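# An overview of the molecular structure
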Amino acid sequence: MDSLIEFPHESGLSGEIGPGIPLTSYLNSPALESLAETIEREYYDQETPRWHYPVVLMLKLLVIKCFHQQSYARTIYSLTQEDWHNLCVSPEDRLPHPATLQHFVKYRLGVDGMQRVMMLTGSALKRKLDGESIGIIDSTPLEASRYNQDAPYNPHYQIKMDKAHIMHLGRYPLAMVYSGGTDADITHLPRLIATVAPMQPNVVGVQLDSAYDSYEAHAQIWYYLDAWPCIALREGAVVQEEGTEKRIHHWVNKLWKEGGDVHAPLEEQLRFLFEQGRGEQVGMFFRNKNTLNPEFSTLLHGRGDCERVHNHIKTTVGFRLKGIRHESRELYILLNFIVYQLLLLVGCTAEIENPSVLSALI
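Residues numbered from 1 in each chain as written. Predicted model: local features only at pLDDT ≥ 70, side-chain atom pairs only at ≥ 80, totals over all residues. Heavy atoms only, no water.

## Here we look at the pairing of strand β3 (residues 133–143)
A regular strand places its side chains so that they alternate between the two faces of the sheet. For β3, the tally of buried residues reaches nine of 11 residues, placing the bulk of the element in the interior. Looking at chain direction, β3 and strand β7 (residues 203–208) are connected through four bridges and run parallel. Within β7, the residue paired with I134 across the bridge is G205. Pairing analysis gives nine bridges linking β3 to strand β5 (residues 159–169), with the strands arranged antiparallel. Along β5, the bridge assignment pairs I136 with H168. (Buried < 20%, exposed > 50% of the residue type's maximum accessible area, 1.4 Å probe, protein only. Helix = DSSP H or I, 4+ residues; strand = E, 2+ residues; numbered from the N terminus. Pairing = 2+ DSSP bridges.)

As structure tokens, then:
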């Protein structure tokens with residue numbers, strides 16, 4: 001792939017950015033410096049320090065690797081003198097050996113470390129957004145080779161695949177959860193919510209398709225993300241009696257010994273019931289509201305945007321299973337996802353109005 005990024009005139013950039021600018025010229029970003037400091041603090045032994053390559057350099061090299069979809073060796077050996085200069089590496093310095101870069105990914109960080117970096121990057125992206133947003137949750141297939149003996153065959157997509165379950169704020173992907181290709185989407189929703197909740201996204205609602213339509217899903221999105229669950233209803237959805245305000249008050253009163261107060265605001269009563277293990281009833285309340293709302297379908301109009309984002313990720317960083325060993329799948333899917341996040345974060349930090357142009361070859 002070409003090592004240059006061409007920016008179209010209509011992309012709406014702040015300032016003038018000429019065509020053919022190397023990716024490395026944008027990687028001297030305070031956002032990467034801040035992330036590297038956290039990794040250094042959390043994943044290197046501070047009491048018995050040993051010399052190691054700067055973490056920020058390792059992050060930059062990983063961005064280059066995934067963006068150009070190269071091997072570790074080609075990433076290192078294909079850098080130009082201009083790239084060295086942009087990476088603040090002098091000709092007298094040594095770049096890390098490809099095996100050193102691989103060790104940083106696979107052993108220094110590993111899957112747990114990558115998940116931590118994803119949360120840090122997602123939190124940084126969230127802080128770049130102003131005001132309240134609409135969240136979108138959906139899964140996307142990660143295609144494997146048809147000769148792959150480990151990836152399951154999904155009859156809906158008619159390919160061998162695994163899945164990535166992603167939450168977005170607009171075009172910004174905050175977090176991802178990896179799963180098998182035939183797993184039901186809803187079974188991984190709690191883990192995705194648990195990943196996103198510490199970021200405290202400022203969302204007024206979260207849009208999901210009907211594959212996530214369950215009472216518990218409605219309740220968890222409202223309780224943990226403090227957002228209205230806009231989940232597409234399954235065919236034949238009906239109002240559930242147990243989710244009416246009358247039954248909410250009944251159960252709050254019944255649990256008065258545990259602290260239930262029927263005179264408290266309705267939202268407090270719902271939180272109380274959720275914390276008492278009656279999440280299904282709380283979910284019925286929100287699902288009833290959506291079922292009775294004649295304009296509910298208009299709340300789902302933005303859900304299709306996530307498909308474009310998923311395709312953009314796959315085009316930009318090779319978000320697929322082909323060529324990845326079975327035992328390393330989750331690790332490298334996370335790595336590619338994080339690199340896409342970092343490209344957006346670098347673009348935001350550079351005050352590019354449409355930072356997604358940093359993550360696509362034109």
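From this point, the discussion proceeds with the structure in view.
## Topic: helix α10 (residues 279–292)
When the terminal C-alpha atoms of α10 are compared, their 20 Å separation across 14 residues agrees well with the 20 Å that a helix rising 1.5 Å per residue should span. The buried fraction of α10 is high, at 10 of 14 residues. Among the residues of α10, those classed as buried are G279, Q281, V282, G283, M284, F285, F286, R287, N288 and N290. Taken together, the buried residues of α10 touch α7 (215–225), β8 (228–231), α8 (245–254) and α9 (266–275). (Expected span 1.5 Å × (residues − 1). Contact = heavy atoms within 4.5 Å.)

## Overview of the side chain of D83
Relative to the assigned elements, D83 resides in helix α4 (residues 81–86). In terms of polar contacts, D83 uses its side chain to reach the side chain of T24, at 2.8 Å. Sequence-distant contacts of D83, defined by excluding residues within four places in its chain, comprise P22 and T24. (Polar contact = N/O pair within 3.5 Å; in protein donor to acceptor, adjacent residues only side chain to side chain.)

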